[in-house]
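In case you want the letters, here they are:
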Amino acid sequence: MKIMVAIKRVIDYAVKIRVKPDKSGVVTQNVKMSMNPFCEIALEEALRMRESGLASEVVAVTMGPSQCLDTLRTGLAMGADRGIHVDSTSALHPLHVAKILRNLVQIEKPSLIILGKQAIDDDCNQTGQMVAGLLNWPQGTFASKVVLDKEKEEVTVDREVDDGIETVQLKLPAVITTDLRLNQPRYATLPNIMKAKSKPIKKFTPQELNVEIKSDLEIVEVTEPPKRKAGVMVSSVDELIDKLKNEARVI
Amino acid sequence: MLKFCSIFSKSKSKNPFLLRSRTKSTSRSQSSPAAYTFSRRIFPYSKHSSLLAPASLSRVPPSRSFATDSEARDSIEYDVVVVGAGPAGLSAAIRLKQLCHQKGADLSVCVVEKGAEVGAHIISGNVFEPRALDELLPQWKQEEAPINTPVSSDKFWFLTKNRAISLPSPFHNKGNYVISLSQLVRWLGAKAEELGVEIYPGFAASEILYDANNKVIGIGTNDMGIAKDGSKKEKFQRGVEVKGRITLLAEGCRGSLSEKIIGRYNLREKGGAEHQTYALGIKEVWEIDERKHQPGAVLHTLGWPLDHKTYGGSFLYHMKDNQISIGFVVALNYQNPFMNPYEEFQKFKHHPAIRPYLEGGTVIQYGARTLNEGGFQSIPYPVFPGGAIIGCSAGFLNVPKIKGAHTAMKSGMLAAEVTFGVLNEGLDMDMYWKALRNSWIWDELYKARNYRPAFEYGLIPGLALSGLEHYLLRGKHPFTLKHGKADHEATNAAQLHSPIQYPKADGVLSFDVPTSLHRSNTNHEHDQPPHLRLRDPKIPETVNLPVYAAPESRYCPARVYEYVADEHNQLKLQINAQNCLHCKACDIKDPKQNIEWTVPEGGGGPGYSVM
């Protein structure tokens, strides 16, 4: 059984983000990039499935400019068997990514696609759901526990939802997106990093996969969130109600 | 070999006329590895020598205090292992590969780096002298090295509380460039990889590997995934052994492995060297109003806010893209335990001659690092069985010039050339010592040797001698001044001083430590054993706090050390190891040398990109 994992190269979570002076985006030059933490969790889950004998192959897919190869190599160093790089310098929105993944699925024919629930740069939380929709596959998003039954070709997913935990059972092939508590991703060890250098990476372009990168979205402006104002100590309940009514206008 | 009589008295008076047996001559014997005849000192070392400090004399093998001794480690072998992907380490790696290409040889070179990426732990002023880079990669301009802002002006001010008095600049910065060393190192890393060097960021070399003959055969990386209590976490990974026929230590100032090696093989005594002395540099990169920005402008100041007894000053360099580097350096042999170098820096930014540059600007990044000030007198014998120490781990910074990157690079290149000879032609690694002494590094550092020690007598005598040196003597005097006490011994008891009141941060020009720390992109895996180890856990509360009023809570630029009241209302030391900037100030300045800086899990630490 083959598993495909989509991984994204994003600004490292520990970096302090700055907005560009022209407000067209955030500064990415000279800024540390790494694999999206949720994608790491997704890859870790796929690797555990392979290690327990439930899957035979894990393929890591990334999309973007050539620097994405670093992230792909990290994925291979963690243990993925093969890599696929879809080379594109234009901005890729979730729908583009979902369409590309759908077309890749026709080539690779995996039984399971695992993605992070969202990327920490755009926080869209859309790609996994869109892929499932385009492929007409069942989806288990915000997974905090995944149990694969190979014979029955089913996967049981515990989903973290607002009300608590929802358990769904999906027939393969299916799409899973991972949430924080699913697992703790492994470190890429030095020997594995060296082995990763010789693992194969196949390259595609969006055109080869019949996907047109045409954007219906235009980023108008990116600004910093307003500075948090200092708290105010109120002297009485009446003053509190007055402020809630007249200043904050919430009652 | 010249022999001199010492008129050194046993007391702590600093007699500058101890004439040292180290000379500029290069006829040092290179045959015997155990060249203890090197130093013909007649009187024993003063008590101030760092030789006697427990840290450096330890012959105990590096501690492996947590589980996992029994589990075998993977072992990878290279011809050369370099610890640290900084200017020295990368220059050595590049030079090795260049020699391989030139001479048709093949050597495998591996560089391990504790930062999450190359350049993440690199921070420096920096006014760069391209002398070594011209030798290493003469095509650097065509190959788009990030060196593109030539020095356009060079100012030197003496500050009083309200005024800035312009003095003639002692620097000759024509032909130099204002750069971000972090960016340059990243470029060097790319060049090294192009030549076939294997660089592994995110891997911390935490121990030295020895064979049965006490020869260094490589390093071991940290185990990863150990919890705070020492148990193994789910994602536990055993470290690996990276073995090399030659190991080059390029960890920067006060390198943790380098210090152990220097102690184990007595390299300071062997080199006739004094103890190393240090300063703490704290730096911010600002994006300022473009009307105030003059690319290539270089400014240094002395004086306010420091007093006459404390050596230090500031720098303000204009890079490109409306960015400036502004920083403050305080020598760590300061006496007042209430001194807070970070707060001195914040205070300095409010000076009426400085604040106009910053008004209307924003801070992009913050960081701090110690640097060597010992110069010529403190260079240890840099060769040990199985390898050598290069760059600031040995200590080639030219203090009056405040430049160390060019000498670090050159030392790496020289070590590479000797290493190539050792591995291919059976030469002796001791040739590195000879190569250093025949190079322009030695020349430069010899000429610069008396500037800093002169300041032991105070600011005015120091300036006077600097003037004399600069205009008249230019290093041609028959004496070599000694350093004063070791930095950690220079701190007076708190009762001799009164607390310094520092102004509160205004949030516009000056900031509190947590705000600044956030700008350093520092992060460590939270659930790991603290990498700052106390040799005796009782000393903070029995010595540091009552006698010295807890200086570590003031000199640490990352607020790692805090005294917090426990449930019995007793103040106890709390170590916020996650904040650590890897500057090594605590390892240097702790009065009882009780704090040992060890390397945390690889990939942790600051994330400098424009420093």
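Please refer to the structure higher up on the page.
Reading guide: rules and limits
Residues numbered from 1 in each chain as written. Chains lettered and ligands numbered in written order. Predicted model: local features only at pLDDT ≥ 70, side-chain atom pairs only at ≥ 80, totals over all residues. Heavy atoms only, no water. Helix = DSSP H or I, 4+ residues; strand = E, 2+ residues; numbered from the N terminus. Buried < 20%, exposed > 50% of the residue type's maximum accessible area, 1.4 Å probe, protein only. Contact = heavy atoms within 4.5 Å. Areas by Shrake-Rupley, 256 points an atom, 1.4 Å probe, with all protein chains shown as cover. Pairing = 2+ DSSP bridges. Axes fitted to C-alpha atoms, helices over the stretch in contact; angles between N-to-C directions. Buried area = accessible area lost by both parts, 1.4 Å probe. Salt bridge = Lys/Arg side-chain N within 4 Å of Asp/Glu carboxyl O. Polar contact = N/O pair within 3.5 Å; in protein donor to acceptor, adjacent residues only side chain to side chain. Core = buried A, V, L, I, M, F, W, Y, C linked by side-chain atoms within 4.5 Å.

1. Quick notes on the overall build of chain A
Then step 1. Across its full length, chain A holds 6 helices and 11 strands.
Then step 2. With the principal axes as the frame, chain A shows a C-alpha extent of 65 × 45 × 40 Å.
Then step 3. Relative to its full complement of 251 residues, chain A shows a buried share of 45%.
Then step 4. Put simply, of all contacts in chain A between residues at least 6 apart along the chain, 69% involve residues at least 24 apart.
Then step 5. Just so you have it, chain A exposes about 13500 Å², and 50% of that area is on carbon and sulfur atoms.

2. Considering the sheet that holds strand β17 (residues 362-372) of chain B
Residues and elements named next belong to chain B.
Then step 1. With respect to topology, 7 strands assemble into an open sheet ordered β5-β4-β14-β15-β16-β13-β17, the strand pairing being mixed. Strand pairing shows two members of the sheet lacking a second neighbour, β5 (164-167) and β17, which therefore form its edges. Each strand of the sheet is rotated relative to its neighbour by a mean of 20°, with strand direction disregarded.
Then step 2. Where strand β15 (residues 312-318) lies against strand β16 (residues 323-331), 7 bridges are found, and the strand directions are antiparallel. Looking at β16, one finds that His318 is bridged to Ile324.

3. So, the environment of Ala98 of chain A
Then step 1. By the element assignment, Ala98 of chain A lies in helix α3 (residues 94-108).
Then step 2. In this structure Ala98 of chain A comes out as buried when scored by relative accessible area, which is 0%.

4. Section: the interface of chain A and chain B
Then step 1. Counting from both sides, the interface comprises 20 residues of chain A and, opposite them, 27 residues of chain B.
Then step 2. Between chain A and chain B lies a buried interface of about 2200 Å² when both sides are counted; carbon and sulfur atoms form 59% of it.
Then step 3. Our enumeration of links across chain A and chain B arrives at 3 salt bridges.
Then step 4. Here chain A and chain B share 7 residue pairs in polar contact (both at pLDDT 80 or more) between them.

5. Notes on the pattern of salt bridges
Then step 1. Under the definition given, this model contains 45 salt bridges over all chains.
Then step 2. A salt bridge links Lys243 of chain A to Glu247 of chain A, with the shortest nitrogen-to-oxygen separation between them at 3.4 Å.
Then step 3. What makes Glu247 of chain A exposed here is its relative accessible area of 58%.
Then step 4. Among the ionic contacts, a cluster of salt bridges with common partners joins Glu44, Arg48, Glu51 and Arg186 of chain A together with Glu234 of chain B.

6. Observations regarding the nonpolar core
Residues and elements named next belong to chain B.
Then step 1. Residues Leu133, Ile147, Leu188, Leu248, Ile261, Met429 and Tyr432 are the most contacted members of the largest nonpolar core, which totals 89 residues.
Then step 2. At 11 residues, helix α9 (residues 405-425) tops the list of elements feeding residues into this core.
Then step 3. The contact partners of Leu188, leaving out residues within four places of it in the chain, are Pro87, Leu90, Ile94, Leu133, Leu136, Leu137 and Met409.

7. Quick look at helix α11 (residues 440-447) of chain B
All names here are of chain B.
Then step 1. Counting buried positions along α11 yields 6 of 8 residues, so the element is predominantly enclosed.
Then step 2. Those residues of α11 not exposed but buried are Trp440, Ile441, Trp442, Glu444, Leu445 and Tyr446.
Then step 3. Taken together, the buried residues of α11 touch α3 (131-136), α9 and α10 (431-437).

8. Considering the sheet that holds strand β7 (residues 139-149) of chain A
Strands pair in a sheet through their backbones, by hydrogen bonds, and they do so in one of two ways: parallel or antiparallel.
All names here are of chain A.
Then step 1. Pairing is mixed in the open sheet, where 9 strands are placed in the order β9-β8-β7-β10-β6-β1-β4-β5-β11. For this open sheet the edge positions go to β9 (164-171) and β11 (201-204), each flanked by a neighbour on one side alone. Averaged over all neighbouring strand pairs, the angle between strand axes comes to 30°, with direction disregarded.
Then step 2. Where strand β8 (residues 154-161) meets β9, 8 bridges bridge the pair, whose relative direction is antiparallel. Among the inter-strand pairings, Val157 is bridged to a residue of β9, identified as Val168.
Then step 3. Together, β4 (57-64), β5 (82-87) and β11 form the strand contacts of helix α2 (residues 68-78), whose direction differs from that of β5 by roughly 165°.

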